[in-house]
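Read off the chains here:
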Amino acid sequence: MTDAHSTARKAPVWLVLATAVMAVLILLLAVAETSITVAWLVDTKGEILSLFGVAFILVAGLVVWRQGRLSASLPLVLPWLLYPIVTQGDQIIDNLSIDWMRAVVTVLLVAIFAAPVAVIVLSARSFYDPSSGRRRAAGAVLGLVPGVRQLAAGQRRLGSALLTATLLVIEIPLAVLYVGALVIYALTAVIVGTLAWASQPEAEVRDAAREHAHAERFALGVLIAGVVISAGTFLGYRNAPGAYQGSPSFFMDPSQQDKNYPMDRVTVPNGDPSAPASPESLGEALARTGKAFDQLASSYNILARNYTWDFHNALFVRHDALLPDYRGVGLAGVREASATWAEVKPKLAELRASLKDGDPLAAFLDDVAGYAEFNVRRAPALEHMSLSFQRTRAGLQHAAHLYEGEAKYLGDGLAGIVLKHQRAVDAPAVAGATREFASTVRAVHDAYSNRIIGY
């Protein structure tokens, strides 16, 4: 076979390299915790980038198809098409039963785990392909990898299967660490199927040119159908009505934004704040109010994290340890926070009464008290809502997202209030009394500031 014919059987190097980066990224996203920076790529701000990936692979696929190399490059299409679907993963499984959730997630994760394997195997096939008349030796080290010597000897089916099975086995510890039994079973089934495929004899090629043309037409159809399905899934679920990111929390639901704490309820007066009559009393009251917010946020975090792990145990058939009676512990913390606010509320009201209505410090205290009251009153509704969710294993996801959303909203709202009243908070006459409160607010905000709710 000539070099030209050999090249037509190979994926372009530029596409292999680009897809290798994408495949590793998709695998990282699949096992990532929501607190790492890379998760921005599946957030509402970054997920739109996935459509650029789909556009890229469509254009790249058409270019490669014109070169007669699309059928050889087809496995490289998968990671680009997976990315938009991964960004909408929670929405896809949102209203399914636990068994259907498991089926969908297992299929997606197996495809994600297979993507980097496909890139490596294609690269090895292209590198060792002897059809151009140039043979490359496997080498003493790489020759120990199952499948490499077979590829170097021209045994494409056997070599590809052995190398694929080997790489999938290497990935199993990653599945054990981050996913669970179902994905391990599925990967095992894929490995067995790959080896069974390797045991079959190579098909006899009667008309290479005709079969190649047929393979190219089939690959083009797969490319176009895949692009339509991937982009359609992304746009369909991203723009679906109802709760955003699967979260029932009003914070994440665009249709319920009127239930947010109204940040414009208190107007910031002009001028400088007056010095408090008792800075020590104000500092102590604000510190205890900050403590109530911190207790509430910490309790929501306990509930969110443990509901998430509980859901993942059910979804992936895992047995990760949970905080014993985590719901009781979390709700006890919520009640403790409410009790702390009930104790400090009269004192804060007394301090507020000593200030004039047009004082910027009075406006700040009005917002702090109003926001504390808003969150404390909302807590029983969250308790009732989460109880209704946890009646099914699939509903554990909603309970997790509920408290994740509340914890993030709590911190964002607090940070917004401090920013709104920054002039009063930082004023020399007041700064000593507000310093501890402002520090607590930063800690509460930072705990969830980089988390993506519903991922």
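Since the structure is predicted, the reported quantities are computational estimates derived from the model, not experimental observations.

The rules behind each value
- Residues numbered from 1 in each chain as written.
- Predicted model: local features only at pLDDT ≥ 70, side-chain atom pairs only at ≥ 80, totals over all residues.
- Heavy atoms only, no water.
- pLDDT = per-residue confidence, 0-100.
- Helix = DSSP H or I, 4+ residues; strand = E, 2+ residues; numbered from the N terminus.
- Contact = heavy atoms within 4.5 Å.
- 1 Å grid on protein atoms, 1.4 Å probe; cavity = no way out; pocket = protein on both sides within 12 Å on 5 of 7 lines; lining within 4 Å.
- Points joined across faces, edges and corners; volume = space filled by probe spheres on them.
- Nonpolar A, V, L, I, M, F, W, Y, C, P; charged D, E, K, R; others polar.
- Salt bridge = Lys/Arg side-chain N within 4 Å of Asp/Glu carboxyl O.
- Buried < 20%, exposed > 50% of the residue type's maximum accessible area, 1.4 Å probe, protein only.
- Phe/Tyr/Trp six-rings, centres within 6.5 Å; stacked < 30°, edge-to-face > 60°.
- Axes fitted to C-alpha atoms, helices over the stretch in contact; angles between N-to-C directions.
- Parallel < 35°, antiparallel > 145°, perpendicular 65-115°, else oblique.
- Left-handed = near helix turned anticlockwise from the far one by under 90°.
- Core = buried A, V, L, I, M, F, W, Y, C linked by side-chain atoms within 4.5 Å.

Colleague: I'm lost on the confidence of the model for the protein in this one. Help?
Modeller: Should the pLDDT be low somewhere, the predicted coordinates at that spot are not to be read in detail. Across the protein, the average pLDDT comes to 85, with 86% of residues at 70 or higher. Across the protein, element-level confidence peaks in helix H13 (residues 326–353) with a mean pLDDT of 96 and bottoms out in helix H1 (residues 3–8) with 46. For residues 1–7, every residue scores under 50 in pLDDT, and the model assigns this stretch nine contacts once sequence neighbours within four places are set aside.

Colleague: So what exactly am I meant to see when it comes to empty space enclosed by the protein here?
Modeller: Gaps between atoms show up when a probe of the same size as a water molecule is rolled over them. Under the defined criterion, the tally for this structure stands at one cavity of 30 Å³ or more. Of all the secondary structure elements, the ones that give two or more residues to the lining of the largest cavity are helix H12 (279–316), H13 and helix H14 (360–389). Counting residues per element, the lining of the largest cavity draws most heavily on H12, which supplies three residues. Among the residues forming the lining of the largest cavity, the class breakdown is seven nonpolar, no polar and no charged.

Colleague: Would you mind showing me how to read the pattern of salt bridges here?
Modeller: Pairing is possible between side chains that carry opposite charge, provided their charged atoms lie close to one another. Applying the stated criterion across every chain yields a total of twelve salt bridges. Glu404 serves as the salt-bridge partner of Arg305, at 2.8 Å between the closest nitrogen and oxygen. Highlighted residues: Arg305 in helix H12 and Glu404 in helix H15 (residues 396–420), separated in sequence by 99 residues. With relative accessibility at 9%, the residue Arg305 sits in the buried group. Assessed through its relative accessible area of 3%, Glu404 is described here as buried. Asp320 is the salt-bridge partner of Arg318, the closest N and O atoms lying 3.1 Å from each other. Overall, the relative accessible area of 14% leaves Arg318 in the buried class. Assessed through its relative accessible area of 37%, Asp320 is described here as partly exposed. Taken together, the shared-partner salt bridges connect Lys345, Glu373 and Arg377 into one network.

Colleague: Would you mind going over the packing of aromatic side chains with me for this structure?
Modeller: Aromatic rings in a pair are described by how distant their centres are and how their planes are angled relative to each other. By the definition in use, this model includes twelve aromatic pairs. Seen in terms of ring centroids, Phe56 and Trp80 are 4.6 Å apart; in terms of plane orientation they differ by 45°. Their pairing is tilted. Residue Phe56 is found in helix H3 (residues 49–66), and its partner Trp80 is found in helix H5 (residues 77–87); the two are separated by 24 residues along the sequence. The exposure class assigned to Phe56 is partly exposed, which follows from its relative accessible area of 30%. Linked through ring pairs, Tyr261, Phe293, Tyr371, Phe374 and Tyr409 together constitute an aromatic cluster.

Colleague: Before we go on, may I ask you to explain unusual backbone geometry in this structure?
Modeller: One can expect most non-glycine residues to show negative phi and most peptide bonds to be in trans. Positive phi outside glycine occurs at Val317, with the angle close to 55°. The residue Val317 is located in the loop between H12 and H13 in this model. Classification of Val317 as partly exposed rests on a relative accessible area of 33%. Even without being glycine, Asp325 reaches a positive phi, approximately 50°. Position of Asp325 among the secondary structure elements: in the loop between H12 and H13. Relative accessible area serves as the criterion here: at 58%, Asp325 is assigned to the exposed category.

Colleague: Just to check I follow, could you spell out the environment of Thr19 for this structure?
Modeller: Positionally, Thr19 belongs in helix H2 (residues 13–31). The buried category is assigned to Thr19, whose relative accessible area is 0%. If we skip the residues at most four places from it in the chain, Thr19 touches Leu76, Pro79, Trp80 and Val119.

Colleague: Help me understand the packing of H12 against H15 in this model?
Modeller: Packed helix pairs are specified by the crossing angle of their axes together with the interaxial distance, meaning the distance between the axes. Closest axis-to-axis distance for the H12/H15 pair is 8 Å, and the angle between their directions is 155°. Classed by the angle they form, the pair H12 and H15 counts as roughly antiparallel. Once H12 is placed against H15, the crossing between them reads as left-handed. Residues Phe293, Leu296, Ala297, Tyr300, Leu303, Ala304, Arg305, Tyr307, Thr308, Asp310 and Phe311 of H12 lie in contact with H15, whose contacting residues are Leu396, Gln397, Ala399, Ala400, Tyr403, Glu404, Glu406, Ala407, Leu410 and Leu414.

Colleague: Whenever I open this one, the nonpolar core confuses me. Can you help?
Modeller: Here is a general trend for soluble globular proteins: nonpolar side chains tend to be buried in one another's company. Counting residues in hydrophobic clusters, the biggest one holds 113 residues, and the most contacted among them are Phe364, Tyr403 and Phe437. Setting aside chain neighbours within four positions, we find Phe364 in contact with Leu286, Ile417, His421, Val425, Thr434 and Phe437.

Colleague: Please clarify how the side chain of Gln295 should be interpreted in this entry.
Modeller: Along the polypeptide, Gln295 turns up in helix H12. For Gln295, a relative accessible area of 13% corresponds to the buried category. The contacts of Gln295, once residues within four sequence positions are left out, are Gly333, Glu336, Ala337 and Thr340.

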